[in-house]
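# Observations on the model geometry
Below are the chains, spelled out letter by letter.
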Amino acid sequence: ICSKTFYCCPLLTEVTMTNSVISIENYAFCGCSSLTNINISNSLESIGDYSFSKCTLLNQITLPSSVKSIGIYAFLECSSLKSISIPDSVTSIKCGVFMKCTSLTEISIPSSLTSIEYDAFNSCSSLNNITIPSSVKVINNGAFCNCSLLSQINNNSTVDCINRNVFADCKSLKQILIPPSVTFLDELSFSGCLSLTKVSFTKDSKLNLIGNSVFYNCSSLIDIQFPHSLKSIGPCAFSCCSSLQKIIIPSSVTFIHGNAFYNMASLNQLSIPSSVKVIGRNAFGECPSLEK
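Below you will find a few notes about this structure.

### A few points about the overall build of the protein
- Tallying secondary structure elements over the protein gives zero helices and 23 strands in all.
- Residues counted as buried form 50% of the 292 residues belonging to the protein.
- At a minimum sequence separation of 6, the contacts of the protein that also span at least 24 residues come to 28%.
- For the protein, the accessible surface area stands at approximately 12600 Å², while carbon and sulfur atoms represent 47% of it.
- With 18 positive and 17 negative side-chain charges, the protein shows a spacing of 8 Å between the two charge centroids.

### Quick look at the sheet that holds strand β15 (residues 184-185)
- Pairing in this open sheet of six strands is parallel, and the strands run β13-β15-β17-β19-β21-β23 from one edge to the other. Of all strands in the sheet, those with a lone pairing partner are β13 (161-162) and β23 (278-279), marking the two edges.
- As defined by bridge partners, strand β17 (residues 209-210) adjoins strand β19 (residues 232-233) across two bridges and the pair is classed as parallel. Residue pairing across strands places L209 opposite S232, the latter belonging to β19.

### A short note on the nonpolar core
- Core analysis: the largest hydrophobic core is formed by 90 residues, its most contacted members being F75, F98, F144, F215 and F238.
- Taken together, the elements giving at least two residues each to this core come down to β10 (129-132), β14 (175-178) and β16 (198-201).
- In contact with F238, not counting residues within four places along its chain, are I210, F215, L221, I224, F226, I233, A260, F261, Y262 and M264.

### Looking at the side chain of S213
- Looking at the element boundaries, S213 is found in the loop between β17 and β18 (223-224).
- Engagement of the side chain of S213 in a polar contact is seen with the side chain of N212, the distance being 2.8 Å.
- For S213, the contacting residues outside a window of four places in its chain are L188, S191, P235, C236 and A237.

### Quick word on the pattern of salt bridges
- Applying the stated criterion across every chain yields a total of two salt bridges.
- The partner of R164 in a salt bridge is E187, with the nearest N and O atoms 3.5 Å apart. Of this pair, R164 sits in the loop between β13 and β14 while E187 is found in the loop between β15 and β16, placing the two residues 23 residues apart along the sequence.
- Here E187 falls in the partly exposed class, since its relative accessible area comes to 27%.
- The partner of D169 in a salt bridge is K171, with the nearest N and O atoms 3.9 Å apart.
- K171 gets classed as partly exposed once you look at its relative accessible area, which sits at 34%.

### Overview of the sheet that holds β16
- Strand order in the open sheet made by the three strands is β14-β16-β18, with parallel pairing throughout. Each edge of the open sheet carries a strand with a single partner, namely β14 and β18.

### Focus: the environment of F284
- Inspection of the secondary structure puts F284 in the segment after β23.
- Judged by its relative accessible area of 17%, F284 is buried.
- In this structure, the C-alpha to C-alpha distance between F284 and G258, residues 26 residues apart in sequence, is 8.4 Å.
- Look past the residues within four positions of F284 in its chain and what remains in contact with it is I249, I256, F261, L267, L270, I272 and I279.

The rules behind each value
Residues numbered from 1 in each chain as written. Predicted model: local features only at pLDDT ≥ 70, side-chain atom pairs only at ≥ 80, totals over all residues. Heavy atoms only, no water. Helix = DSSP H or I, 4+ residues; strand = E, 2+ residues; numbered from the N terminus. Buried < 20%, exposed > 50% of the residue type's maximum accessible area, 1.4 Å probe, protein only. Contact = heavy atoms within 4.5 Å. Areas by Shrake-Rupley, 256 points an atom, 1.4 Å probe, with all protein chains shown as cover. Lys, Arg positive; Asp, Glu negative; His and termini not counted. Charge placed at Lys NZ, Arg CZ, Asp CG, Glu CD. Pairing = 2+ DSSP bridges. Core = buried A, V, L, I, M, F, W, Y, C linked by side-chain atoms within 4.5 Å. Polar contact = N/O pair within 3.5 Å; in protein donor to acceptor, adjacent residues only side chain to side chain. Salt bridge = Lys/Arg side-chain N within 4 Å of Asp/Glu carboxyl O.

Honestly, that's just the spatial picture; any functional story needs more than this.
And the structure:
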């Protein structure tokens, strides 16, 4: 089915494909705003970029095991889509594939998957839990950003970095266990997670850097015990974490950047080891409860 074949056909409600169809090209059904039901070819191998984007009434679709690739933004703004199962033959969820699928509550990710790309599930505001298999090596910027009902993440991935904005503004997320393979938490990766109360690390954690504003405005955070692999705490890393009362910095840390713990209204207990060589500007500014 060639590019833009049914582009913006607003009255089209149903599609049935013969099994001879092996490819749906870019924008093929984009903007078919009345499309509610589609029977996919059992021989389908590829789904092109934006192919079903803005099919706002499409509420279910079954992808056959023959599908090998799903293009960028393929299901962008399919706001009625409730669940989808990714076939084992797919190794990457590309940029923005399910972005703004605001009714999506369930997603099955296969153990064959190696990467979740930029904004893949950004603003999937009904998604409440996700299991990321150990096969995943890359989770890119904004992948689960603004998934406001996401309360549970089973992150079994072997990523070495949790990238920028990956879980930012996941307002229902309560606890997170950082996988031992992670060495770097990138900028804003958990910022605005307003319900987050606890951050945990495994004993064999390899984390050495918490980046800029990683936990900025996590206003419910009350418990974090840093791993002994940690070396640097970045600018504004815990700024505005207004419920956190106690900070014990491990002896592995050498650098605390400016504003790292700025404006923490409840912080009253702080321990800084002799390993720390630099404490940046305003690192503990506006911590009115700090006594010792």
